[in-house]
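Coordinate analysis (summary)
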Amino acid sequence: MKTQRKLNILLIILIILLLSLISFVGIYHQDKSEILNWMPNYTLGTDISGSRLVILELKQDDNESGEEDKTEEVTETKEEKIGSTSEYKKCADIITKRLKALKVSNYQISLDENTGKIEITIPEDNRTDTILSDITQKGNFQIVDSITGEVLLSNKDVKSTSIGKSESTYYTSIYMKVNFNNHGSKAFKDITVNYRNQIVEGETNDTTETNTAEDSSSEESSQVKTKQVNIKIDDSTLLTTHFTEIIDNGVMQLTMGSSQDSEELQSLMNAGANVAAIVQNEAMPLQYTVTGNMYVESNTSIDSIKTIIYIEIIIAVLILLYMIIKYKGNGLLHSILSIGYIAILLIMIRLTNVVLSIEGILGIELAFLMNILFSFQILRRLKDLNKKDSVAMFDKIIKKYSIVTMPIAIVAIVCTFVNVEVLYSFGMVMFWAIVISLLYNLIFTNILVRNKE
């Protein structure tokens, strides 16, 4: 039994060391000539990484009239108001929905209701340029007959979209799933029926094929072309295709591209996400153009942020040293537990793309202090108790800890619904901190207490 207890403790320590290595160092793999980390980067807030301010203004129609009418038309254009206030608001609302679909964590949109000018502030990261590249598209998604131009489906028939990837032996493909609503599903099924490997007689064009029967002369051959549809966004055709089977599940899958390179695949994912955000929302009633695009530097320097982190680390190290000196072996075990807790919290922050503002970084230190107080509560009583009493003591303290942290968890959850970066960041950090602390102590700390000699 004594050996088993030691093995259990050793296993816990090894697991914590492994998690700590993953969190603080990473998991690296070779991709061709590059060494890449499987762990995602931290998502930094605008008070750390800065932000991008983009100004959108209504696009003016080009004046192509003759010289005689030019003066009169220019005068009228100056006096004429393009669009209405309701249309301006609708455009701003659609842009907001697109940013939400792209999971932009912190953004600000302001609208001038008199001129229609829209100002957008979004965090500066590796997706910023891709997001902004399509921000002015009206977004008229249509499936049209390639010959007649008849509109068969549009944005109003789309329920949702999603981006995924499929891997094969030689490459990885990025695809977009378009999920149609009830009306769209029925219409899409009809399209796959009507445009399923059908051919119609017509003039020779890019899709024309010449079919000659083996027992017929070339003079008897007829020119045919496949009946197809164009899948378009605004004036750009994404794909011209026909269908090989009837699709009745209301889902259309479009391949956005394929590659073997991880960076190129990420670019395809980001570009595909842009298209998906446009397709699943309404088209803007007005056409905008970018008239300003500038980087807004953070007021807090990198050196100041590093200083905050170093101070937090020094405080944590001093507390852990005090714990080890005061409680010896048990203090060392709980110090290792505390390091493992922070390691798992940082892993979760990275995996769930929690925005780290300065307040979020301070929230990590607060989470460490809350968890360390829990450890001190146990260590103060542990050395004078036998195994049975230690288990009862742990159960009592974890229940009390759950009750005390519950109001903090509720406040944290409320903060996550506020579109203010400092509150959102702090709230998300504290939410995960409390959830992980309870689960972590119920598993790892509980095992250590129950294996007390």
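Structure's up top.
Small disclaimer: the values here were computed from a predicted structure and weren't measured. (Residues numbered from 1 in each chain as written. Predicted model: local features only at pLDDT ≥ 70, side-chain atom pairs only at ≥ 80, totals over all residues. Heavy atoms only, no water.)

A short note on the pattern of salt bridges
- Applying the stated criterion across every chain, the model contains seven salt bridges.
- Here R52 makes a salt bridge to D129, at a shortest N to O gap of 2.9 Å. Separated by 77 residues along the polypeptide, R52 in strand 4 (residues 51-58) and D129 in helix 5 (residues 128-133) bring together distant segments of the chain.
- Residues R450 and D395 are paired through a salt bridge, measuring 3.8 Å at the closest nitrogen-oxygen approach. Remark: D395 occurs in helix 10 (residues 387-416) and R450 occurs in helix 11 (residues 421-450); sequence separation between them is 55 residues.
- On the basis of relative accessible area, R450 is assigned to the partly exposed category, the value being 36%. (Salt bridge = Lys/Arg side-chain N within 4 Å of Asp/Glu carboxyl O. Helix = DSSP H or I, 4+ residues; strand = E, 2+ residues; numbered from the N terminus. Buried < 20%, exposed > 50% of the residue type's maximum accessible area, 1.4 Å probe, protein only.)

Focus on the environment of S236
- Position of S236 among the secondary structure elements: in strand 15 (residues 236-241).
- When its relative accessible area of 41% is taken as the criterion, S236 is described as partly exposed.
- In this structure, the C-alpha to C-alpha distance between S236 and F141, residues 95 residues apart in sequence, is 9.7 Å.

Comments concerning the environment of K117
- Here K117 is to be found in the loop between strand 5 (108-111) and strand 6 (118-123).
- Residues K117 and T291, spaced 174 residues apart in sequence, show a C-alpha to C-alpha distance of 9.8 Å.

Digging into helix 6 (residues 182-194)
- Here helix 6 spans 19 Å end to end across 13 residues, near enough to the 18 Å set by a 1.5 Å rise per residue.
- Taken together, the buried positions of helix 6 are G184, S185, A187, F188, I191 and T192.
- Elements that come into contact with the buried residues of helix 6 comprise strand 7 (141-145), strand 8 (151-154), strand 10 (172-180), strand 14 (229-233) and strand 16 (251-259). (Expected span 1.5 Å × (residues − 1). Contact = heavy atoms within 4.5 Å.)

Description of the packing of helix 1 (residues 2-24) against helix 11
- At a closest axis distance of 9 Å, the pairing of helix 1 and helix 11 adopts a crossing angle of 140°. Overall, the two elements helix 1 and helix 11 adopt an arrangement that is oblique. For the pair helix 1 and helix 11, the sense of crossing is left-handed. Between helix 1 and helix 11, the residues in contact are I9, I12, I15 and I16 and Y440, F444, I447 and L448, respectively.
- Across the contact of helix 1 with helix 11, the residue classes break down as eight nonpolar, no polar and no charged. (Axes fitted to C-alpha atoms, helices over the stretch in contact; angles between N-to-C directions. Parallel < 35°, antiparallel > 145°, perpendicular 65-115°, else oblique. Left-handed = near helix turned anticlockwise from the far one by under 90°. Nonpolar A, V, L, I, M, F, W, Y, C, P; charged D, E, K, R; others polar.)

Topic: the packing of aromatic side chains
- Under the criterion given, the structure shown has nine aromatic pairs.
- Ring centres 6.1 Å apart and planes at 50° place the aromatic pair Y341 and Y440 in the tilted group. Placement of Y341 in helix 8 (residues 302-351) and of Y440 in helix 11 is noted, with a sequence separation of 99 residues between them.
- Given a relative accessible area of 2%, Y440 falls into the buried group.
- An angle of 40° between the planes, with centres 4.9 Å apart, marks the rings of Y440 and F444 as tilted. Highlighted residues: Y440 and F444, both in helix 11, separated by four residues, approximately one helical turn. For the residue pair Y440 and F444, the accessibility class agrees, reading buried in each case.
- One aromatic cluster is present, built from ring pairs that chain together F180, F188 and F243. (Phe/Tyr/Trp six-rings, centres within 6.5 Å; stacked < 30°, edge-to-face > 60°.)

Structural notes on the environment of A409
- Relative to the elements of secondary structure, A409 occurs in helix 10.
- According to the relative accessible area criterion, A409 is buried, its value standing at 12%.
- Taking the C-alpha atoms as reference points, A409 and V435, 26 residues apart in sequence, are found 8.3 Å from one another.

Observations concerning the sheet that holds strand 9 (residues 158-167)
- With respect to topology, three strands assemble into an open sheet ordered 9-10-16, the strand pairing being antiparallel. Bordering the open sheet on either side are strand 9 and strand 16, each of which pairs with just one other strand. Recorded for the sheet is a direction-independent mean angle of 20° between the axes of neighbouring strands.
- Each of strand 10 and strand 16 is contacted by helix 6, which is oriented at about 115° to strand 10, the strand it contacts most. (Pairing = 2+ DSSP bridges.)

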